[in-house]
Amino acid sequence: MDQKIYSGNGSYENILGILKKLGTKRLLLVCGNSFDKQEISKEIMNLPVEIIKFSRITPNPKYEEVCEGLKVFKKNNCDTILAIGGGSYLDVAKCIKLFCRMPDSKNYIKEEKVDTGVPIIAVPTTAGTGSESTQHSVIYYNGVKQSISHLSIIPEYVVLEPSLLKTLPKLQRKCSMLDALCHAVESYWAVKANDESKFYARQAIQMVLQYKDAYLTNTNKGNAKMLAAANFAGKAISITATTAGHAMSYKLTSLYDIPHGYACALCLTEVWSYLNEHIDNCIHPNGEVYLVKTLEEIAELFGAGKDINKAAEVFAKMVRELNLLEVRTNSMDEINVLTKSVNPERLSNFPITMTPDAIEQLYIKLIYRGKQDES
């Protein structure tokens, strides 16, 4: 699909022209409660179309919230979706598009997926998920993470407006950046990687590392570059999907209520070291030599020459220096819950074998203090 991307200051002004081109009459606006505080909110609400707002969405959105938005879409006969927000809002908008022509069902997730033809205009307000350019949408059904995938839900239009990141809280700023970087690293070594996905991942890694400080200090250039980096990372995982780091992160987020991007980074610190230490367990169809070369290429992107261990250390140091809160537990029961939560399908995309015992040991290293640490 040819996706049209508008970027830079004032890029949101292109939305009017998009709506005219589409012949939009009734627009479903999927957004958060903070939308009204954004400078562009008045311009959006004054667009010359009927606008129906839907904002009853929580972080890590639930299937029930998608169903509620779907009812609003159908009741008002909407013909276009404008999604403004972080990854959760974009993911809900994409699911509404995918489900809107399905028969009323007890579970839309199980229905056959087809292109409904409803156009989506995606305007991310965080620089992390890259959801504006992926064929994937993450929602939770009965507390279990579901990855909804279909090529047709890649938004037709994307607006990368850096001014929308100005009010981003520091914690969210840090965690969303980590999400983008984890996407790019995991995509680069994924079994499903190809030349195109590696190009996108390479661009993302270079931009995150180059503009990290400018982004964290909330400069316009830093915000613009991080939006672009997240978009590149999104394009990469749209081709490859993620791997072990992300697979381990989801339950970590839902169990301890920590931001997704930080959970991914915590898991990736351990997963990366494990990968470097167990290359002889390679299951990549291109073989061990190819895997080593891939890891060396990532190391070069991180300024570590071809030292694959140093690259992992550079990443871990970067995560530590963001001074985010530790996640700890003394409960082996929770470790068991985490271990059982990991999706085996994502592990098949990881270039080496990972057993449940290995995953358990990584979780123990990551968050388990043990009785000896209790006071």
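For the structure given in this document, a descriptive report is provided here. Everything numeric in this text was worked out from a predicted model, so none of it was measured.

**Considerations on helix α5 (residues 170-189)**
- Between the first and last C-alpha of α5 there are 29 Å, a value that for 20 residues agrees with the 28 Å anticipated at 1.5 Å per step.
- With 16 of 20 residues buried, α5 lies mostly within the body of the structure.

**With respect to the layout of surface pockets**
- Here the largest pocket is characterised by a volume of approximately 1200 Å³.
- Lining the largest pocket are 48 residues, with G86, G87, S88, T129 and Q172 positioned closest to its centre.
- At the level of secondary structure, the elements contributing two or more residues to the lining of the largest pocket comprise β4 (80-85), α4 (87-99), β6 (136-141), α5, α8 (244-256) and α9 (260-277).
- For the lining of the largest pocket, the class distribution of residues is 17 nonpolar, 26 polar and five charged.
- Reported here for the second largest pocket is a volume of approximately 350 Å³.
- In terms of lining residues, the second largest pocket is bounded by 15 residues, among which Y262, L266, V319, R320 and E326 are the most central.
- Tallying contributions element by element places α9 first for the lining of the second largest pocket, with four residues.

**A word on unusual backbone geometry**
- Of note in the backbone geometry, N77 takes a positive phi value of approximately 50 degrees without being a glycine.
- The topology assignment puts N77 in the loop between α3 (63-75) and β4.

Criteria and cut-off values
Residues numbered from 1 in each chain as written. Predicted model: local features only at pLDDT ≥ 70, side-chain atom pairs only at ≥ 80, totals over all residues. Heavy atoms only, no water. Helix = DSSP H or I, 4+ residues; strand = E, 2+ residues; numbered from the N terminus. Expected span 1.5 Å × (residues − 1). Buried < 20%, exposed > 50% of the residue type's maximum accessible area, 1.4 Å probe, protein only. 1 Å grid on protein atoms, 1.4 Å probe; cavity = no way out; pocket = protein on both sides within 12 Å on 5 of 7 lines; lining within 4 Å. Points joined across faces, edges and corners; volume = space filled by probe spheres on them. Nonpolar A, V, L, I, M, F, W, Y, C, P; charged D, E, K, R; others polar.

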